[in-house]
Amino acid sequence: MFIFSENKNTLVQRERQSSIFDLDINIIKKIKSGDIASYKTIVEKYKDKALNLLMKILKNIEDSEDALQDAFIKTYKAIVEDQFEERASFSTYFYRIVYNTALDHYKRKKSKEFNNISFDEYLSSGDEDVDSFQISLEKRFISDYTKDVYKTDVALANSEIQRIVNDSIGLMPEKYSLLLTMFYINDLSYDEISSILKLPLGTVKNRLFRAKDKIKEIILNRFNEKDIQLYL
Amino acid sequence: MNIENKKIEEFLENKIRNSSAAVKTSDDFTELLMKRINAENNLIADEVKNDKIARNIIISFVSLIVIMIGLIAFSSKGSDADVTNSNTIKVQPAVQTSNEMITQVLLFFKNIFFEVFNYLGINFSMNTLLILLIVIGVIAVFMLVEKLLVRSKLKSSAESR
């Protein structure tokens with residue numbers, strides 16, 4: 001049943017991507033014909049979503065913005081130098097550049113810190129660390145545990161759940177939070193994520209499921225399922 | 001999965017999507033980027049212009065070499081024929097005039113080459129010059145082809161940059 005829900009989501013995602021694809025291709029045609037100002041539309045559309053992705057790897061807003069500027073310039077050059085083929089999805093192409101730029105900046109940053117662990121190696125490592133972040137999150141929330149307040153204030157409960165989700169994604173190991181960001185925020189499909197990160201499709205699906213399941217578990221530990229029904 | 005569970009899943013997915021709202025670029029991000037893009041655009045325009053000039057120079061050079069090789073070959077064939085058939089074949093005046101012109105042009109280039117190489121202290125025959133020109137021509141063609149190949153390879157590897 002979970003698979004059914006995921007398939008439906010994927011279909012909705014596909015439809016949305018198709019219209020985005022057509023829109024992007026029209027803008028790209030304009031840029032190729034010399035209309036530089038059209039690139040601003042692309043920048044405005046992708047900058048915040050891409051920044052979320054970069055933050056998961058670089059963990060610092062200044063470094064992430066620098067990397068994002070580089071990624072946008074590389075993408076622009078690829079468009080005007082005719083390296084981007086219009087039959088491909090622009091968003092996948094762009095996020096691939098963003099991810100590779102993030103890796104370059106990560107390597108540069110780590111070499112300054114004399115840390116030789118590459119992000120790709122870390123990403124391909126095992127999934128045994130999925131539970132570690134839950135303990136730190138539970139500890140963090142236990143002190144201000146005021147369950148009863150939320151029964152009477154739906155808005156407060158909603159913002160509290162949002163806070164838990166934000167903190168969970170922030171504290172989660174990057175190999176999970178990165179996938180959540182790519183799937184839910186960057187609107188990339190399993191296949192696209194798998195090809196960008198060079199991970200097996202099964203690993204992508206498994207990590208996404210586990211990451212979402214962990215957040216759900218944390219929320220259900222704090223809120224009753226019946227109470228959550230009230231906030232929907 | 002029952003309907004309630006499905007609703008909770010969707011609720012959670014929306015919360016995950018909304019989590020992106022917490023991270024935003026700085027206010028002047030787009031403005032700064034567009035300035036860099038404009039500068040980059042000027043660089044690209046210059047690069048394209050230089051590429052075009054370089055390509056034209058290479059093509060002109062290759063053409064010149066090919067013409068000279070042709071002229072040398074034609075002239076040496078003509079002079080052989082002159083030696084063997086000078087008493088048997090009557091050459092038409094118009095053809096003779098054009099042959100003389102070609103020979104003059106050829107002699108002009110030949111003299112330039114010999115002068116330059118004599119100046120450098122190198123001494124060689126007409127055949128050596130022909131081989132040298134062919135070698136230069138092959139190098140020039142190779143450079144041109146390599147330039148085109150490198151460009152197409154860059155195109156395919158752009159994603160990984």
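Please refer to the structure higher up on the page.
Residues numbered from 1 in each chain as written. Chains lettered and ligands numbered in written order. Predicted model: local features only at pLDDT ≥ 70, side-chain atom pairs only at ≥ 80, totals over all residues. Heavy atoms only, no water.

For chain B, the helix and strand inventory stands at 4 helices and 0 strands. Pairs at least 24 apart in sequence give 73% of the contacts found in chain B among residues at least 6 apart. Of the roughly 11400 Å² of accessible surface on chain B, 63% is carried by carbon and sulfur atoms. (Helix = DSSP H or I, 4+ residues; strand = E, 2+ residues; numbered from the N terminus. Contact = heavy atoms within 4.5 Å. Areas by Shrake-Rupley, 256 points an atom, 1.4 Å probe, with all protein chains shown as cover.)

With that settled, consider the packing of aromatic side chains. Within the structure shown, the criterion is met by 13 aromatic pairs over all chains. The interplanar angle of 65 degrees and the centroid separation of 5.2 Å between the aromatic rings of Tyr39(A) and Tyr76(A) together place this pair among those described as edge-to-face. You can see Tyr39(A) sitting in helix α2 (residues 39–58) and its partner Tyr76(A) sitting in helix α3 (residues 61–80), a full 37 residues away along the chain. Neither residue differs from the other here; Tyr39(A) and Tyr76(A) are each classed as buried. With a centroid separation of 5.0 Å and 15 degrees between ring planes, the pair formed by Phe183(A) and Tyr190(A) is classed as stacked. As far as the burial class goes, Phe183(A) and Tyr190(A) line up, both buried. Ring pairing ties together the aromatic residues Tyr39(A), Tyr46(A), Phe72(A), Tyr76(A), Phe84(A), Phe90(A), Tyr93(A), Phe94(A), Tyr95(A) and Phe29(B), which thus form one cluster. (Phe/Tyr/Trp six-rings, centres within 6.5 Å; stacked < 30°, edge-to-face > 60°. Buried < 20%, exposed > 50% of the residue type's maximum accessible area, 1.4 Å probe, protein only.)

With that out of the way, let us pick up the pattern of salt bridges. Between side chains of opposite charge, pairing is possible as soon as their charged atoms come close. This structure, assessed with the given rule, holds 16 salt bridges over all chains. Close ionic contact of Glu44(A) with Lys47(A) constitutes a salt bridge, the shortest N to O distance being 3.4 Å. A residue pair is termed a helical-turn pair when its members lie 3 or 4 positions apart in one helix, as Glu44(A) and Lys47(A) do in helix α2 at 3 residues. In this structure Lys47(A) comes out as buried when scored by relative accessible area, which is 9%. Here Glu13(B) makes a salt bridge to Lys212(A), at a shortest N to O gap of 2.6 Å. (Salt bridge = Lys/Arg side-chain N within 4 Å of Asp/Glu carboxyl O.)

Bringing the nonpolar core into the picture now. Nonpolar side chains tend toward joint burial in soluble globular proteins. Ranked by internal contacts, the top residues of the largest apolar core, which has 73 residues, are Tyr39(A), Phe72(A) and Leu197(A). Once residues lying within four places of it in the same chain are set aside, the contact partners of Phe72(A) are Tyr39(A), Ile42(A), Val43(A), Tyr46(A), Lys47(A), Phe94(A), Phe29(B), Leu33(B) and Ile37(B). Listed in part, the 7 residues of the second largest apolar core include Ile65(B), Met68(B), Ile72(B) and Leu129(B). (Core = buried A, V, L, I, M, F, W, Y, C linked by side-chain atoms within 4.5 Å.)

Below, the discussion takes up the interface of chain B and chain A. Listed per partner, the contact involves 39 residues of chain B and 53 residues of chain A. When chain B packs against chain A, close to 4700 Å² is buried across both sides, 62% of that on carbon and sulfur atoms. Scanning the region where chain B abuts chain A turns up 6 salt bridges. Between chain B and chain A we count 16 residue pairs in polar contact (both at pLDDT 80 or more) in total. Looking at the side of chain B that touches chain A, the elements with two or more residues in it are α1 (3–18), α2 (29–85) and α4 (126–156) of chain B. A total of 13 residues in the side of chain B that touches chain A trace back to one element, the largest contributor, which is α1(B). Class assignment for the residues of the side of chain B that touches chain A results in 15 nonpolar, 10 polar and 14 charged. (Buried area = accessible area lost by both parts, 1.4 Å probe. Polar contact = N/O pair within 3.5 Å; in protein donor to acceptor, adjacent residues only side chain to side chain. Nonpolar A, V, L, I, M, F, W, Y, C, P; charged D, E, K, R; others polar.)

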